[in-house]
Amino acid sequence: MTLTATSFDWVRQLVHRESAIVLQPGKEYLVEARLLPMAQQRGLSGVSELVESVRNRPDPAVTRRIVEALTTNETSWFRDGDPFTALTSTVMPQLVAARRPDERLQIWSAACSSGQEAYTIAMLLSDALPNATTRVSITATDLSREMVERTRAGRFSQLEVNRGLPASMLVRHFTRAGNEWEIAPALRRMVTASECNLAAPLPRLGPFDVVYLRNVLIYFDLPTKQGILNRVRQIMRPDGWLFLGAAETTLGVDDNWERVVLGRGSAYRPKKGA
Amino acid sequence: MTLSQTQPITELLDAATVQSICDEVWPSLVGDGEAFVPVPVPPPAELVSAWVDIIGPWTGSVVVTCAPATAEALTESVLMTRPPTVVDDEDVADALGELANVLGGNVKSVLPGESRLGLPQIGPAPARGRLDDVRALVGQWRGNYLTITVQGTAPHPSGTEVPQ
Amino acid sequence: MRALVIDDSRAMRRIVGTILKDFGFEVREAGDGQQALDVLQEGKAESWVPDLCCIDWNMPVMDGLQFVMAVRANPEFRQVTLMMVTTESETGQIVKALAAGAHEYLIKPFTADALRDKLALLGLLPEGVSA
Ligand SMILES: C[S@@+](CC[C@H](N)C(=O)[O-])C[C@H]1O[C@@H](n2cnc3c(N)ncnc32)[C@H](O)[C@@H]1O
């Protein structure tokens, strides 16, 4: 049986309530494709049957899995390049000069997916700073529990290490574990992973010197984007740096940021007195 | 390393690892959305195999076996041909051989020690050695019989083959 | 941009070649390392020098590692970017290829996205193609 309009609507509302992700009409195919395996696993013939069964017997574990199944976790190493080039060429040198040597530099990969962004930063900084493992701490968060666990494990498939990771870094920072690759323990210790819903009041985090908030605002409506940018700014250092995804901007969303051109890309900094 | 010290493939490689290799190879080499499903179906009358040898602390072959028609369909899928383009025997030997090569390389990389990989071969499946030195995944692709067999070439320790 | 795709499997040459052509590369092919050296030599007459070689490892006649060493030993081809595209995937093998002078390493199987990511790393993506 194909997805009924009421079932789609129920999923759309659930996902919006729990994650703020907007599923526009027309995304029925996405709901169908992502939830069908889950329905079949439960011996149900289709997604509408799955929805019916949760509506009749609410189960937080199942609703969580539905929401997580509708997140898009696509990511890669050194994604878009520029935000990482800027980190080592401009951002880190300035921060290192501005902070006391015993002050930890705090970096946040918000919406970290399976951890490629956080470990890209860890690899770069461990190469760039002699004392990176003690000088830097990286917080990686995601809505999805599965993604947080994957980040914590620091294990990647062959297909994943093929996506943008320079071969020289693969051999230096990873060891094989069966047919997967495991990040070096010292780098894994630089990263602390936890669950965090960006669309809800934030847990006690930060204050952050650098925030990577990339390829996640695209899923939200304008008020949600505004709320997130505002809350993120509250837990950033006044001279901190924010990186957004290539298709994302604060312009026209939240005026309290100043856009700075860095090489071929750009970053955002909290406006003074905002 | 003497024969008695060599562990059989069943000690070195579990079925889940072979399956996880297939889960990467099928969607990226055979095509988007394609999968090797480890649910057996009855074997067809005629079979064709492609394999690569692994030579090292463990020596043997990684063999892909299916019906000739399945091999042809695999080739069309790998090459993304559209009708009226047809694939010839050489295309099939080449594509099935490359599938064996990619599977073989990934299997080799999870085995202990340093090994070498041979070039792909095609024909009737090579003879098996010790019968306890075989890790076979019997399953299907698009409903058609297909097996992936990782089999040693070391003869049975007694020197005689155990009858099947 | 020009590329030379070296693989004994013509299916693989076609897969890699098709992706590269989509990114605007002009592609030539060779079935082993020796053939590839011949293509490079012949290309010189018409000043056809590739920007990129995609190189399988296990091939008859001359394997990919030997090809990398031969190209690196020839200063005429200093500008050519060498990327292994192979199912060989142990750390030791990757190190060996990099030490011989390969610039990048893509493990088979790979997706078109993975090849594009590598081109981006190597600075070989044409303008207008987003990484
Ligand atoms: C496309 S990935 C981006 C990963 C990485 N930042 C990058 O740019 O490659 C989007 C991630 O956002 C997460 N996500 C979606 N909604 C979220 C929310 N409300 N709070 C936190 N994370 C969320 C998803 O689970 C997914 O892992």
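The structure we're discussing is the one just above.
The structure reproduced in this document is the subject of the present report. Source: prediction; values computed, not measured.

If you tally the helices and strands in chain B, you get 4 helices and 6 strands. When the helices and strands of chain B are placed in sequence order, the string is α-α-β-β-α-α-β-β-β-β. Against the globule reference of 15 Å for 164 residues, chain B gives a C-alpha radius of gyration of 16 Å, in line with a compact fold. Dimensions of chain B along its principal axes, counting C-alpha atoms only, are 55 × 30 × 30 Å. For chain B, the proportion of its 164 residues judged to be buried stands at 52%. Accessible surface computed for chain B: about 7,600 Å², of which carbon and sulfur atoms make up 55%. Charged side chains of chain B number 7 positive and 20 negative; the gap between the two group centres comes to 6 Å.

Once that is clear, we can look at the site of the ligand. Residues and elements named next belong to chain A. Taken together, 22 residues form the shell around the ligand, and within it Ser 19, Thr 75, Arg 79, Asp 142 and Asn 215 come nearest. One nitrogen or oxygen atom from the main chain of Ser 19 is found 2.8 Å from a nitrogen atom belonging to the ligand. At a separation of 2.8 Å, an oxygen atom of the ligand approaches a polar side-chain atom of Arg 79. Summarising the interface, the protein chains cover 99% of the accessible area of the ligand, which totals 600 Å² for the free molecule. Residue composition of the shell around the ligand, grouped by class: 8 nonpolar, 9 polar and 5 charged. Built from parts of two domains, the shell around the ligand gets at least three residues from each of domain 1 (5-71) and domain 2 (82-270).

Moving on, we get to the interface of chain C and chain B. In this complex, chain C contributes 21 residues to the contact, which on the side of chain B involves 23 residues. Of the roughly 1,800 Å² buried at the junction of chain C and chain B (both faces included), carbon and sulfur atoms supply 51%. It is Arg 10, Thr 87 and Pro 109 of chain C that lose the most area in chain C upon contact with chain B, and together they represent 32% of the buried surface on that side. For the pair chain C and chain B, the number of links is 6 salt bridges. The salt bridge partner of Lys 108 of chain B is Glu 88 of chain C, with a shortest N-O separation of 2.5 Å. Taken together, the links from chain C to chain B amount to 12 residue pairs in polar contact (both at pLDDT 80 or more). Of all the secondary-structure elements, those providing two or more residues to the side of chain C that touches chain B are helix H1 (10-22) and helix H4 (91-100) of chain C. Counting residues per element, the side of chain C that touches chain B draws most heavily on H1 of chain C, which supplies 5 residues. Class assignment of the residues belonging to the side of chain C that touches chain B gives a composition of 7 nonpolar, 6 polar and 8 charged.

If you look at the interface, chain B gives 8 residues, while chain A gives 6 residues. Each partner contributes to the roughly 550 Å² buried at the junction of chain B and chain A, and carbon and sulfur atoms together form 47% of this total. Of all residues in chain B, Glu 24, Ser 109 and Val 110 of chain B give up the largest surface area on contact with chain A, accounting jointly for 65% of the area buried on that side. Where chain B meets chain A, there are 0 salt bridges. Where chain B packs against chain A, one counts 4 residue pairs in polar contact (both at pLDDT 80 or more). Broken down by secondary-structure element, the contributors of at least two residues to the side of chain B that touches chain A are helix H2 (15-30) and helix H4 (89-110) of chain B. Ranked by the residues each element gives to the side of chain B that touches chain A, the list is headed by H2 of chain B, at 5 residues. Broken down by class, the residue content of the side of chain B that touches chain A amounts to 2 nonpolar, 5 polar and 1 charged.

All names here are of chain A. Note that Glu 248 resides in the loop between strand E8 (236-244) and strand E9 (257-262). For the buried Glu 248, no salt bridge is present, and the opposite-charge side chain at shortest range is Arg 214, 6.6 Å distant. At a separation of 3.0 Å, a polar atom in the side chain of Glu 248 contacts the main-chain amide nitrogen of Leu 217. If near-sequence neighbours (up to four positions away) are discounted, Glu 248 is found in contact with Leu 213, Arg 214, Asn 215, Val 216, Leu 217, Ile 218 and Tyr 268.

A few words now on the side chain of Ser 49 of chain B. Residues and elements named next belong to chain B. Tracing the backbone through its elements, the reader meets Ser 49 in strand E1 (residues 48-55). Residue classification places Ser 49 among the buried positions, given a relative accessible area of 2%. A polar contact is formed between the side chain of Ser 49 and the side chain of Thr 65, at a distance of 2.7 Å. Contacts of Ser 49, omitting those with residues within four sequence positions, involve Val 63, Val 64, Thr 65, Leu 96, Gln 121, Ile 122, Gly 123, Pro 124 and Ala 125.

All names here are of chain A. The strand order across the open sheet formed by 3 strands is E3-E5-E4, and the pairing between neighbours is antiparallel. Bordering the open sheet on either side are strand E3 (155-157) and strand E4 (174-177), each of which pairs with just one other strand. Taking the axes of each pair of neighbouring strands and ignoring which way they run, one obtains an average angle of 35° across the sheet. In the sheet, E3 pairs with strand E5 (residues 180-183) via 3 bridges, with the strands oriented antiparallel. Note on E5: the bridge partner recorded for Ser 157 is Glu 180.

Those residues of H2 of chain B that sit buried are Thr 17, Val 18, Gln 19, Ile 21, Cys 22, Glu 24, Val 25, Trp 26, Ser 28, Leu 29 and Val 30 of chain B. Of the residues trailing H2 of chain B, Gly 31 of chain B is marked for its positive phi of about 155°.

Conventions adopted
Residues numbered from 1 in each chain as written. Chains lettered and ligands numbered in written order. Predicted model: local features only at pLDDT ≥ 70, side-chain atom pairs only at ≥ 80, totals over all residues. Heavy atoms only, no water. Helix = DSSP H or I, 4+ residues; strand = E, 2+ residues; numbered from the N terminus. Rg over C-alpha atoms; globule rule 2.2 N^0.38 Å. Buried < 20%, exposed > 50% of the residue type's maximum accessible area, 1.4 Å probe, protein only. Areas by Shrake-Rupley, 256 points an atom, 1.4 Å probe, with all protein chains shown as cover. Lys, Arg positive; Asp, Glu negative; His and termini not counted. Charge placed at Lys NZ, Arg CZ, Asp CG, Glu CD. Near = heavy atom within 4 Å. Polar contact = N/O pair within 3.5 Å; in protein donor to acceptor, adjacent residues only side chain to side chain. Nonpolar A, V, L, I, M, F, W, Y, C, P; charged D, E, K, R; others polar. Domains from an automatic or database assignment. Contact = heavy atoms within 4.5 Å. Buried area = accessible area lost by both parts, 1.4 Å probe. Salt bridge = Lys/Arg side-chain N within 4 Å of Asp/Glu carboxyl O. Pairing = 2+ DSSP bridges. Axes fitted to C-alpha atoms, helices over the stretch in contact; angles between N-to-C directions.

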